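Each chain, letter by letter, is given below.
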Amino acid sequence: MNIFRKILILCVLMFVSAALIYSQQITVTVNDFSVKSGNENYLYIGKGISSLVASELRGTSGIRILERENLNQIIKEQKLSLSGLLDDSKQVEIGKLLSADYIIYGSIVDMVANLLFSVRMADVTTGEIVWEESLSEKLENYDYIGAYFAKSIIDEFNLAAKSKTVDKVEKKTVKDEKAIVVLSEGIDAYDKGNEEKAKTALEEVRNLDPENEAASYFLAKLITNSARFKVVSEPYNFYQNPAFLGILKKDKFFFAPSGNLDYFFRDFGNLQYPTAIVDGEETELMEEKNLANLGYYAPIGDNLGIDIELMFNVNHGSIADLRTLGRIAFGGGVSIGYQAADNWSFGLGAAALSVTGGQWSDRPDISSFGWSADAGLLYQNNSNNFLFDSHIQYSSITKDLINETATAIQEQVMWPLLLESTATFILNENRTFLIIKQINEIGFDSDYYVGRFIPGIEYSLVDWFSIRGGLEGAVVMVNDLNKLGWGLQGGFSFHLAEKWDIDLNLTYRERPALYMPEELFDEMMFLLSFSRSGLFLER
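None of these values were measured; they are calculated from a predicted model. (Residues numbered from 1 in each chain as written. Predicted model: local features only at pLDDT ≥ 70, side-chain atom pairs only at ≥ 80, totals over all residues. Heavy atoms only, no water.)

An account of the packing of helix α5 (residues 142-156) against helix α6 (residues 163-171) is requested, with residue identities and associated values reported.
It is at 8 Å that the axes of α5 and α6 come closest, and there the two elements cross at 120°. On the basis of the axis angle, α5 is oblique to α6. Seen from above, α5 lies across α6 with left-handed handedness. Contacts between α5 and α6 pair Asp143, Tyr144, Ala147, Tyr148 and Lys151 from the former with Thr165, Val166, Lys168 and Val169 from the latter. For the contact of α5 with α6, the per-class residue count stands at five nonpolar, one polar and three charged. (Axes fitted to C-alpha atoms, helices over the stretch in contact; angles between N-to-C directions. Helix = DSSP H or I, 4+ residues; strand = E, 2+ residues; numbered from the N terminus. Parallel < 35°, antiparallel > 145°, perpendicular 65-115°, else oblique. Left-handed = near helix turned anticlockwise from the far one by under 90°. Contact = heavy atoms within 4.5 Å. Nonpolar A, V, L, I, M, F, W, Y, C, P; charged D, E, K, R; others polar.)

Could you give an account of the packing of aromatic side chains, naming the residues involved and the relevant values?
In the structure shown here, the tally under the stated rule is 17 aromatic pairs. Considering the side-chain rings of Tyr379 and Phe386, the 6.4 Å spacing of their centres and the 55° angle between planes classify their relative orientation as tilted. Relative accessible area serves as the criterion here: at 25%, Tyr379 is assigned to the partly exposed category. Through successive ring pairs, a cluster of aromatic residues spans Trp344, Phe346, Tyr379, Phe386 and Phe425. Positioned over the ring face of Tyr144 is Lys172, at 4.9 Å from the centre of the ring. (Phe/Tyr/Trp six-rings, centres within 6.5 Å; stacked < 30°, edge-to-face > 60°. Buried < 20%, exposed > 50% of the residue type's maximum accessible area, 1.4 Å probe, protein only. Lys NZ or Arg CZ within 6 Å of the ring centre and 35° of its normal.)

Explain the environment of Phe494 to me, using residue names and the numbers behind them.
Position of Phe494 relative to the elements: it lies in strand β21 (residues 481-496). On the basis of relative accessible area, Phe494 is assigned to the partly exposed category, the value being 26%. When the C-alpha atoms of Phe494 and Phe465 are compared, they prove to be 4.8 Å apart, with 29 residues separating the residues in sequence. Once you skip the residues sitting within four places of it in the chain, Phe494 turns out to touch Trp464, Phe465, Trp500, Asp501 and Ile502.

I'd like a description of α5, backed by residues and values.
Relative to the 21 Å expected for 15 residues at 1.5 Å per residue, α5 spans 21 Å between its end C-alpha atoms, a close match to the ideal helical length. Judged by how many residues are buried, α5 sits mostly within the fold: eleven of 15 residues are covered. The set of residues buried in α5 consists of Tyr142, Asp143, Tyr144, Ile145, Gly146, Ala147, Phe149, Ala150, Ser152, Ile153 and Ile154. Immediately beyond the C-terminal end of α5, within one or two residues, lies Asn158, with a positive phi of roughly 60°. (Expected span 1.5 Å × (residues − 1).)

Which residues make up a negative patch on the surface, and what values do they have?
Together, Glu282, Asp447, Asp480, Glu518 and Glu519 give the surface a local cluster of negative charge. Structurally, the position occupied by Glu519 is in the loop between β22 (500-512) and β23 (520-538). (Patch = residues over 30% accessible without salt bridge, like charges linked within 9 Å, V, L, I, M, F, W, Y side chains within 5 Å. Areas by Shrake-Rupley, 256 points an atom, 1.4 Å probe, with all protein chains shown as cover. Salt bridge = Lys/Arg side-chain N within 4 Å of Asp/Glu carboxyl O. Lys, Arg positive; Asp, Glu negative; His and termini not counted. Charge placed at Lys NZ, Arg CZ, Asp CG, Glu CD.)

Written out as structure tokens, the structure is:
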């Protein structure tokens, strides 16, 4: 237990350190700049230029940029103009409502030959203008413009600017003006909830200016959660971490069947099955684990999401077709997720299930009632290129254990508690996903522990198709059994017509047998998910 205490203390220290660092950051919000121009192409460039400034500030050590959604919500609630044509006192009021330390805002005036950019920053507490700068430039120098203002603000705080920001100021690279115009239009579409138009525009910006960080940032926001490297988990639980409901953008209907493929791949890889002694002969124990989840996700308001889900599970074992046992469960539940802050979401879920048991020799069928619970958290960084989620699942359902001669049921034990954590790194302009998943199965009323470590990678070949693959390492500690295991994973996803998603995951791995956990069981599993989003509701 000493090692677990040390790990717990380390985790607490890490959390406290992160909280202290987070609390010491300067909180800044960047409002859209107002635009005065007769050029219709410049209608939304106030959004684009302000987003470039925010992009350069984002990731700077010591500065925390508030999310755009928070600013838009305040403007909507206060019934203010989205154009940014607000006086200084109103800007400070908005900053106070956002609990920001400073608010940055400005104006763009078309001078025909050049554009005049005037930007200022106000201390929200005092209302004082603490910094302001003006710049006359052509729009084709948009990279320089955003970096120039950002570096000047960073210098005002006596902080160090990112090397990329400094390079943009020093090199003053000329780029295609169309990129900033299309970026601005894409951000406007994003603000209005038109995700298809926003994604099309932002993809075009990425083609025109592959290094545009603002485009990558908003594209990352449009990424929906999929079944990346999802493994068939223990039964009676929700399909995914309920914390994801807190950042849900659109409602979604899904159907996800999963189960064993062992019968179809008996000769593949020389699959090993657990054995028992029946009538003096060693006989294979066949096992099946089949599940199906049917559900509907819906966003509620600005920070809440709900999942209504049905669950069906069959666990079945047989020896020499003579003796069978298993559990069949059917039920449903509700889970909710709440985005408590810019970066954090939390979720809870509970389900009720009706359970029936199969026969073993002369044992009669049994019937019972059970429940399951799920709790999770999600962290998403400001740049939307890193996600971490963790959730814990527990059920009151039991399963049978049999003796090595397969002549009697020894005892009933609880299904193990499941703790699953996943870190996702989004790279290569949102086309590459590096995943590190860690899964723990912990038995409370039995000597049972299985830990799995799964690194993997997913790559989008085109916008509508991605492939993935990964490895699995496992440590198994059951009673007197201590063994290392391994596995492989692969899969693909189709994204059809912006609303339909089809995900398929295949897994080969070693696991303890359901009914004789001292025996390791080679299994081939599939998980297939059909989903459709944007049916009725959007956030």
